[in-house]
Amino acid sequence: MLALVAAVGYGVSDFLGGVASRRATALSFVVASYPLSLLIALVIAPFAGGEVTAVSVGWGAASGLFGGFAVWWFYRALASGPMSVVSPVTALLVAGIPALAGLGAGERPGLLAVAGIVVALAAVVLVSRESRETVGGDDHPTFTLRVAGLTIAGGVAFALTFISLDQIPEGTGLWPLVIQRLSASAVVWVAAVAVRQFCGPPRMLYPHVVAVALLDVVSNAAMMFAFQGGMLSLVSVVGALYPAATVLLALVVLGERLGRGQYAGMVLALASVVLITVAT
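This text gives an overview of the structure that appears in the document.

**Some thoughts on the pattern of salt bridges**
Here is step 1: Evaluation of the coordinates by the stated rule reveals one salt bridge.
Here is step 2: The partner of Arg-181 in a salt bridge is Asp-216, and the shortest N-O contact between them spans 3.6 Å. Of the two residues, Arg-181 sits in helix α7 (residues 175-194) while Asp-216 sits in helix α8 (residues 206-229), which places them 35 residues apart along the sequence.
Here is step 3: Assessed through its relative accessible area of 9%, Asp-216 is described here as buried.

What follows is the structure, given as structure tokens:
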């Protein structure tokens, strides 16, 4: 359930960020939202208790670094490549790599849970894939070698973010999350300076910034605690179902059309959650 909360939070955050990015660049948006999420985590962490350890700080920092680079590379891939390819490939890597890592480390979820993993992998690909029915015209960017490299790098970095969160030991409260938001903020600020986009979003988007920052803290905290209480191979694939929440909001709020594959992906996402929940 914690992983599902995280998935919904990630999905809603992506939706709000995507809407805001129509009026400002994605990088300028996270330049503002990431430091605010750090401030929120700093305010909450003392009330959550927990012991600060070198291991938790190290893995928290690693999670933030991977997450910061993942966002940077993913947005660059989306800016210059076809979303219909970039998004599902990234989603598959985010779900698949941690699942394989968990299985490789000796986790044995059981046949029903493994079936849920397989269904979830199919779901994230279908849900995040943009079809010809949902876009206008056939003039799409090309999936070049450079875009492929950025896509793979972003997907692997997102996956390593999950794997790093999984390594954070219990009893450390929210302090690893504070370190995560600090290191992630540092990466996106450096990236913004490097590409000369170090500027905040317009004032009209400040409510979006606050909402996304809050969702970042809630989602990452839920994911961290989910990993502490469950298997990497199961928690990661449930958390990676976040595109379903984004697509559902786009359908309900913006009235966007979905392709048949996306509808099928939504059904598979629900089925995977049921399978994994029953198995555990």
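Further notes follow.
**A few points about the nonpolar core**
Here is step 1: Core analysis: the biggest nonpolar cluster contains 62 residues, and Met-223, Phe-227, Val-237 and Leu-241 have the highest contact counts within it.
Here is step 2: Look past the residues within four positions of Phe-227 in its chain and what remains in contact with it is Phe-162, Leu-165, Asp-166, Leu-232, Val-235 and Ser-236.
Here is step 3: One finds Phe-15, Ala-24, Phe-29 and Leu-205 within the second-largest nonpolar core, a separate group that totals ten residues.

**Looking at the packing of helix α5 (residues 111-128) against helix α9 (residues 232-239)**
Here is step 1: Following both chains from N to C, one finds α5 and α9 inclined at 30 degrees, their axes separated by 10 Å at the closest point. When you trace α5 past α9, the crossing you get is left-handed. Counting all contacts with α5, which are made through Ala-113, Ile-117 and Ala-120, the residues of α9 involved are Ser-233, Leu-234 and Val-237.

**Points about the packing of helix α1 (residues 2-20) against α8**
Here is step 1: One can describe the packing of α1 onto α8 by two numbers: an axis separation of 8 Å at closest approach and a directional angle of 155 degrees. As the angle between them shows, α1 and α8 are arranged roughly antiparallel. Relative to α8, the crossing made by α1 is left-handed. Contact with α1, carried on its side by Leu-2, Ala-3, Val-5, Ala-6, Gly-9, Tyr-10, Val-12, Ser-13, Leu-16, Gly-17, Val-19 and Ala-20, involves His-208, Ala-211, Val-212, Leu-215, Asp-216, Ser-219, Asn-220, Ala-222, Met-223, Phe-225 and Ala-226 of α8 and no other residues of that element.
Here is step 2: Looking at the contact of α1 with α8 residue by residue, the class counts come to 16 nonpolar, six polar and one charged.

**Some words on the packing of aromatic side chains**
Here is step 1: By the definition in use, this model includes seven aromatic pairs.
Here is step 2: Ring plane angle 75 degrees and centroid distance 6.0 Å describe the contact between Phe-74 and Phe-158, whose orientation is recorded as edge-to-face. Residue Phe-74 is located in helix α3 (residues 54-80), and its partner Phe-158 is located in helix α6 (residues 145-166); the two are separated by 84 residues in the primary sequence.
Here is step 3: For Phe-74, a relative accessible area of 17% corresponds to the buried category.
Here is step 4: Feature note: the residues Tyr-10, Phe-162, Phe-227 and Tyr-242 constitute an aromatic cluster, connected by ring pairs.
Here is step 5: Here Arg-181 stacks its cationic end above the ring of Tyr-34, 4.7 Å away from the centre of that ring.

Parameters at a glance
- Residues numbered from 1 in each chain as written.
- Predicted model: local features only at pLDDT ≥ 70, side-chain atom pairs only at ≥ 80, totals over all residues.
- Heavy atoms only, no water.
- Salt bridge = Lys/Arg side-chain N within 4 Å of Asp/Glu carboxyl O.
- Helix = DSSP H or I, 4+ residues; strand = E, 2+ residues; numbered from the N terminus.
- Buried < 20%, exposed > 50% of the residue type's maximum accessible area, 1.4 Å probe, protein only.
- Core = buried A, V, L, I, M, F, W, Y, C linked by side-chain atoms within 4.5 Å.
- Contact = heavy atoms within 4.5 Å.
- Axes fitted to C-alpha atoms, helices over the stretch in contact; angles between N-to-C directions.
- Left-handed = near helix turned anticlockwise from the far one by under 90°.
- Parallel < 35°, antiparallel > 145°, perpendicular 65-115°, else oblique.
- Nonpolar A, V, L, I, M, F, W, Y, C, P; charged D, E, K, R; others polar.
- Phe/Tyr/Trp six-rings, centres within 6.5 Å; stacked < 30°, edge-to-face > 60°.
- Lys NZ or Arg CZ within 6 Å of the ring centre and 35° of its normal.

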